[in-house]
Amino acid sequence: MRINFFYEVLGIIVNKNKLKKSTVAVLYTSPETVIDDYSKLLDLAGLENFLNKNNPTYLKVNISWQHYYPACSSTPWQIEAVGEKLKSSGFSDVIAAHNGTVVVDPHEGREKNKHSIAENRIGIDHIFLDESPTEWVEYLPENKMLVLDKIFPEGIFIPKIFFNSNIIHLPTVKTHVFTQMTGAMKNAFGGLLHRRRHWTHSVIHETLVDLLQIQKEIHSGVFAVMDGTFAGDGPGPRAMRIHEKNIIIASSDQVAIDSVVSKLMGFDPMRIKKLNLAHQSGLGIADVKEINYVGDDVSDVNWNFSRNENTFASFGQKLIYNGPLKPLERLLLRSFLAPWSYAASNLYHNGFWRPLIGKRRIAKSMETKWGKYFSDYL
């Protein structure tokens, strides 16, 4: 009797521990099945368990370059599939949210990446977060910030429309010159901070943890759906080598989904600062041994992606953010001299790298099944 009772108690404890695990859904896909596969993926990840159907739902689109470059920005089929799934599940107020940067035009990016086609196809509205009529209001975080209150002592301002809303991040699988890999956590950087967000680059990992904390405070639900049909390797988010990986991933845990993708890339998630900090702060699970995988088996996958590569532009930025030019950071990046850095980045990426290197990579990618799918997406 006592033995049976012991095992009953043990079983309850084990089941509770299982419930504490974050779930990450992973599926392999193809152009012929990708829309249906996304629907299956969202069911596997339990989408409806984490969002409030009575509140607006924003699809946070990622535009890392106004030009189309595979793996760089959200794919149109990613927007279409997620938006269609939400509408068919009873989410009536679905809006695509775009943001620009000091070097990226979101209007041009929305057109060239065919986001507008996807949004029109499923009949959802769109907004540009850093333009009128979006109102930005000061927010006083409920929990202690690591760095944001120090970088912006005048106040942390966020879009008013985000309060009591659902947010679904739509990143792509790619590496990044400042954060090793970019994903769900980094996707909030563009929408939740204004155009002075580049002030935080020297403490980018701590910033992303602060933003995740704020999201948990203001949103009624936070979710992420990542597209790895193409994946980017090298000095991302723009100057990358392009790989077909045919994979899609989803989770309500922003840390867990980024950790799973990091592992696919061949990285140890617990050694990526933003993931480790978030894990230690209780904002998500970065230890892949504690993550519940559902869908296709990717336990032995290792793409052997490169880490910590730089472009000429990012090398110069790092000299300012964390190198010998650090004492000049405020003068160079926060004064009337700041536009020089935007011009330098544009000159490098748009004037040099894209025409001399990037266009050849794009052309080669357009010959693949995903490239042809993008070309035919009308």
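Fair warning: this is a prediction, and the values are worked out from it, not measured in the lab.

Student: I would appreciate a short explanation of the overall build of the protein chain in the present structure.
Tutor: Counting its regular elements, the protein chain contains 14 helices and twelve strands. The C-alpha radius of gyration of the protein chain comes to 21 Å, within 12% of the 21 Å expected for a compact globule of 378 residues. Its C-alpha atoms give the protein chain principal-axis dimensions of roughly 75 × 50 × 40 Å.

Student: Can you walk me through the packing of helix α9 (residues 254-265) against helix α10 (residues 273-280) in this structure?
Tutor: Helix-helix packing: each pair is described by the crossing angle between the helix axes and the interaxial distance. Viewed as axis vectors pointing N to C, α9 and α10 meet at an angle of 140 degrees, and their least axial separation amounts to 10 Å. Between α9 and α10, the angle falls in the class oblique. In the packing of α9 onto α10, the handedness of the crossing is left-handed. For the pair formed by α9 and α10, the contact residues are Val 255, Asp 258, Ser 259 and Ser 262 on the first element and Lys 274, Leu 275 and Ala 278 on the second.

Student: What should I look at first to understand the confidence of the model for the protein chain in this one?
Tutor: Detailed reading of the predicted coordinates is not advisable wherever pLDDT falls low. Per-residue confidence for the protein chain gives a mean pLDDT of 92; residues scoring 70 or more make up 95%. Every residue in residues 1-19 is under pLDDT 50, and counting partners more than four places away or in other chains gives zero contacts.

Student: I keep staring at the nonpolar core and nothing clicks. Help me out?
Tutor: Generally speaking, a soluble globular protein has its nonpolar side chains buried in company with each other. Core analysis: the largest hydrophobic core is formed by 63 residues, its most contacted members being Leu 148, Val 173, Met 185, Ile 214, Ile 249, Met 265 and Trp 303. If near-sequence neighbours (up to four positions away) are discounted, Trp 303 is found in contact with Val 173, Ala 231, Lys 245, Ile 247, Leu 264 and Met 265. In terms of nonpolar packing, the next biggest core, distinct from the first, is built from 48 residues, Leu 41, Ile 79, Ala 96 and Ile 124 among them.

Student: Just to check I follow, could you spell out helix α8 (residues 204-218) for this structure?
Tutor: Since the α-helix packs 3.6 residues into each turn, any two residues three or four apart lie on the same face. In this model α8 runs 21 Å from its N-terminal to its C-terminal C-alpha over 15 residues, within 8% of the 21 Å that 1.5 Å per residue would give. Among the 15 residues of α8, 14 are classified as buried, and the element is accordingly described as predominantly covered.

Student: Before we go on, may I ask you to explain the environment of Gly 282 in this structure?
Tutor: Positionally, Gly 282 belongs in the loop between α10 and β12 (291-295). For the pair Gly 282 and Trp 370, spaced 88 residues apart in sequence, the C-alpha to C-alpha distance is 37 Å.

Student: Could you clarify how one ought to interpret helix α11 (residues 312-321) in this entry?
Tutor: Taken together, the buried positions of α11 are Ala 313, Ser 314, Ile 320 and Tyr 321. Taken around the axis of α11, the buried residues stretch over an arc of 110 degrees, which confines them to a single face. Close packing links the buried residues of α11 with α12 (329-333) and α13 (339-365).

Student: I tried to follow the side chain of Ser 345 on my own but got confused; where do I start?
Tutor: Along the chain, Ser 345 falls in helix α13. Excluding anything up to four places from it in sequence, Ser 345 contacts Val 103, Arg 238 and Asn 350.

Student: Looking at this structure, how should I read the packing of aromatic side chains?
Tutor: The geometry of an aromatic ring pair is captured by two quantities: the separation of the ring centres and the angle between the planes. According to the stated counting rule, one finds 15 aromatic pairs in the structure shown. Taken together, the ring pairs connect Trp 77, Trp 370, Tyr 373 and Tyr 377 into an aromatic cluster. Directly above the ring of Phe 374 sits Lys 114, whose terminal nitrogen or CZ lies 4.6 Å from the centroid. Positioned above the aromatic ring of Tyr 377, the side-chain terminus of Arg 121 is 4.2 Å from the ring centre.

Student: Explanation requested: the packing of α8 against α10 in the structure shown.
Tutor: The interhelical angle for the contact between α8 and α10, taken along N-to-C directions, is 40 degrees, at an axis separation of 8 Å. The angle between the axes of α8 and α10 places the two elements in the oblique class. The element α8 and its partner α10 pack so that their crossing is right-handed. Each of His 205, Glu 206, Leu 208, Val 209 and Leu 212 in α8 lies in contact with α10, whose residues at this interface are Lys 273, Lys 274, Leu 277 and Ala 278. Looking at side-chain class alone, the contact of α8 with α10 contains five nonpolar, one polar and three charged residues.

Student: For this particular structure, what's the right way to read the side chain of Thr 368?
Tutor: Inspection of the secondary structure assignment puts Thr 368 in the loop between α13 and α14 (369-375). Of the polar contacts made by the side chain of Thr 368, one reaches the backbone nitrogen of Gly 371; its length is 3.1 Å. In contact with Thr 368, other than residues within four places in its own chain, are Phe 230 and Glu 244.

Student: Sorry, what's going on with unusual backbone geometry here?
Tutor: Excluding glycine, most residues fall at negative phi; most peptide bonds, likewise, are trans. The omega torsion of the bond from Ser 132 to Pro 133 falls at 15 degrees, within 30 degrees of zero and hence cis. For Pro 133, the location among the structural elements is in the loop between β4 (125-128) and β5 (136-139). A cis amide bond, omega 15 degrees, links Gly 236 with the succeeding residue Pro 237. In this fold, Pro 237 is placed in the loop between β10 (221-233) and β11 (241-251). In this structure, Asn 164 takes a positive phi of about 55 degrees despite not being glycine. Relative to the assigned elements, Asn 164 resides in the loop between β6 (156-159) and β7 (166-170).

What counts and what doesn't
- Residue positions are counted from 1 within each chain, in the order its sequence is given.
- Under the rules for a predicted model, residues below a pLDDT of 70 receive no local features and side-chain atom pairs below 80 are neither given nor counted, while totals for whole chains, interfaces and linings still include all residues.
- For side-chain calculations, the full set of non-hydrogen atoms in the structure is used, while hydrogens and water are omitted.
- The way it works is that DSSP assigns letters per residue, a run of H or I at least four long becomes a helix, a run of E at least two long becomes a strand, and they are numbered from the N terminus.
- Radius of gyration means the value over C-alpha atoms here, while the globule rule gives 2.2 Å times the residue count to the 0.38 power.
- Under this scheme, a helix contributes an axis fitted over its contacting stretch, all axes are lines through C-alpha atoms, and angles between N-to-C directions fall in the 0 to 180 degree range.
- Any angle that falls under 35 degrees is termed roughly parallel, while one over 145 is termed roughly antiparallel, one within 65 to 115 roughly perpendicular, and all others oblique.
- The hand of a helix crossing depends on one turn: near helix anticlockwise from the far one by less than a right angle means left-handed, and clockwise means right-handed.
- A contact between two residues is defined here by any heavy atoms of the two lying within 4.5 Å.
- The score called pLDDT rates the predictor's confidence residue by residue, from a low of 0 to a high of 100.
- Take the buried residues of types Ala, Val, Leu, Ile, Met, Phe, Trp, Tyr and Cys, join any two whose side-chain atoms come within 4.5 Å, and each joined set is a nonpolar core.
- Burial here depends on accessible area, computed with a 1.4 Å probe over protein chains only, as a share of the maximum for the residue type. Under 20% is buried, over 50% is exposed, and the range in between is partly exposed.
- By this rule, a helix spans an expected 1.5 Å times one less than how many residues it contains.
- By arc we mean the arc of the directions from the helix axis to the C-beta atoms, nothing more.
- Aromatic pairs are defined between Phe, Tyr and Trp rings, using the six-membered ring for Trp, whenever the two ring centres lie within 6.5 Å; interplanar angles under 30 degrees are classed as stacked, those over 60 as edge-to-face, and all others as tilted.
- Definition used: whenever NZ (Lys) or CZ (Arg) falls within 6 Å of the ring centre and also within 35 degrees of the ring normal, the charge is taken to sit over that ring.
- Polar here means any residue other than Ala, Val, Leu, Ile, Met, Phe, Trp, Tyr, Cys and Pro, which are nonpolar, and Asp, Glu, Lys and Arg, which are charged; Gly is therefore polar.
- Think of a polar contact as two N or O atoms within 3.5 Å of one another; within protein, one of them needs to be a possible hydrogen donor and the other a possible acceptor, and neighboring residues in sequence only count if both atoms come from side chains.

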